[in-house]
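Chain residues, written in single-letter form:
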Amino acid sequence: MSINVDPLVVGRVIGDVVDPFVPTATMSVYYSSKHVTNGCDIKPSVAVSPPRVTIYGDPHQLYTLVMTDPDAPSPSEPSLRELVHWVVTDIPGRTTPTQGKELMNVFVCLRSTLGIVLSTLDFRAFLICEYVKKFAGMEVLPYLGPRPPVGIHRFIFVLFQQRGPLGFLQPPVSRTNFSTRTFATQLNLGMPVATVYFNSRKEPINRRR
C-alpha cells in the first residue's frame, strides 16, 4: 500500500512559509516551455523573466499571487527569510497576472510610434489602465528572478483568494525579511488556496544559457 506524501510538507514549504491548508484552486506556472512542478529544478538563467502563470479559480473572484525565497541568503543561515520576488493582486480567476503588463507594453509602444497628443494620451492611458486592472490584476512588486548566491534555494508561489478588491497598495519597504503569513494577515487574505515551488542554485558562468 502506497502512502501519498505532500511535496509541500517534504519540501518544508508548509512550516517555513505557510501553514497547512486545503487547496481550493489550481495554477500552472511555466518558464518558457518548462512547467513548474513541486521540487523541480530550474536554472536562474531560465527564470530571468516573469513566468506564465494561469490561475484556475472562480472567475467571479479575485486572487493575490506572492513569490518568495525562504532560503536567502543561504539555506543553512536564512537570515533574510523571506526574500520576496513578486506580488500581484486583484487577479481575476481563470487568467494570468502577466497579461496586464503585456497590454501596457503594447500601449507604450503605440504611444512612442504614433506620437499621440498628450491630452488624448492621458485619457486613453486612464481607460487602458482601468481595463488592465479588471483583466489581469495589479503588480504591486515587480518580478525579480532567482539569484541564489549559495546552496539550493526554494522559490515558492503562493496564491490567495481575496475577500474583495484590494485596489492600490504600497509595495513592501524591503524585499528582505518579508513574511507571507504577515502579509496575508494584514490584507485579510486567509489561508492559501494553491501553492507550488521549484528549486534553483547558482549556475557556473560557463554553463549559463
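Numbers given for residues are sequential positions, taken from 1 along each chain in its written order. Only residues with pLDDT of at least 70 are given local features in this predicted model, and only at 80 or more are side-chain atom pairs given and counted; all residues enter the totals for whole chains, interfaces and linings. To get the side-chain values, all heavy atoms of the structure are used, and hydrogens and water are removed first.

1. Some remarks on the environment of Pro44
Working definition: helices are DSSP H or I runs of at least four residues, strands are E runs of at least two. Numbering for both runs from the N terminus. Residue placement: Pro44 occurs in the loop between strand 3 (40-41) and strand 4 (52-56). Residue classification places Pro44 among the buried residues on the basis of a relative accessible area of 13%. When the C-alpha positions of Pro44 and Arg147 are compared, they lie 6.5 Å apart, and in sequence the two are 103 residues distant. We call two residues in contact whenever any of their non-hydrogen atoms come within 4.5 Å of each other. Once you skip the residues sitting within four places of it in the chain, Pro44 turns out to touch Pro146, Pro148, Ser200, Arg201 and Glu203. Relative accessibility decides the category of a residue: with a 1.4 Å probe and only protein chains considered, values under 20% of the type maximum give buried, values over 50% give exposed, and everything between is partly exposed.

2. A word on the nonpolar core
As used here, the term nonpolar core means buried Ala, Val, Leu, Ile, Met, Phe, Trp, Tyr and Cys residues forming a set that is joined through side-chain atoms within 4.5 Å. Of all hydrophobic cores here, the largest spans 24 residues; its most connected members are Met27, Tyr31, Phe157, Leu159 and Phe198. Looking at this core, the elements that each hand over two or more residues are strand 1 (26-31), strand 4, strand 5 (62-69), strand 6 (83-92), strand 8 (153-161) and strand 9 (192-200). Aside from chain neighbours lying at most four places away, what touches Leu159 is Ala25, Met27, Ile55, Tyr63, Thr64, Leu65, Pro192, Val193 and Ala194. Val17, Val66, Phe160 and Leu189 belong to the second largest nonpolar core, which has 20 residues in total.

3. With respect to the pairing of strand 5
Taken across its eight residues, strand 5 has seven buried, putting it largely inside the fold. When strand 5 meets strand 6, the two strands line up antiparallel, connected through seven bridges. Within strand 6, the residue paired with Leu62 across the bridge is Pro92. By the convention used here, strands pair only if DSSP detects at least 2 bridges between them. Here strand 5 runs beside strand 8; their pairing, made up of six bridges, is antiparallel.

4. Digging into the side chain of Thr180
Tracing the backbone through its elements, the reader meets Thr180 in helix 5 (residues 180-186). In this structure Thr180 comes out as buried when scored by relative accessible area, which is 1%. Filtering out sequence-adjacent residues up to four positions away, Thr180 remains in contact with Val17, Val18, Val66, Thr68, Glu82, Val158 and Phe160.

5. A look at the packing of aromatic side chains
The description of two aromatic rings rests on the distance between their centres and on the angle between their planes. Classification of ring pairs uses Phe, Tyr and Trp, with its six-membered ring standing for Trp, and accepts pairs whose centres are within 6.5 Å; under 30 degrees between planes counts as stacked, over 60 as edge-to-face, and the remaining range as tilted. The full count for this structure, using the stated rule, is five aromatic pairs. With a centroid separation of 5.4 Å and 20 degrees between ring planes, the pair formed by Phe155 and Phe198 is classed as stacked. Note that Phe155 is positioned in strand 8 and Phe198 in strand 9, a separation of 43 residues in sequence. Each member of the pair, Phe155 as well as Phe198, is classed as buried. Summarising the aromatic geometry, the rings of Phe157 and Phe198 are spaced 6.2 Å apart at their centres and angled 35 degrees between planes, so their arrangement reads as tilted. Of this pair, Phe157 sits in strand 8 while Phe198 sits in strand 9, and the two are 41 residues apart along the sequence.

6. Comments concerning the side chain of Thr89
Here Thr89 is to be found in strand 6. Excluding residues that lie within four positions of it along the chain, Thr89 makes contacts with Tyr63, Thr64, Gly137, Met138, Val140, Gln162, Leu166, Gly167 and Leu169.

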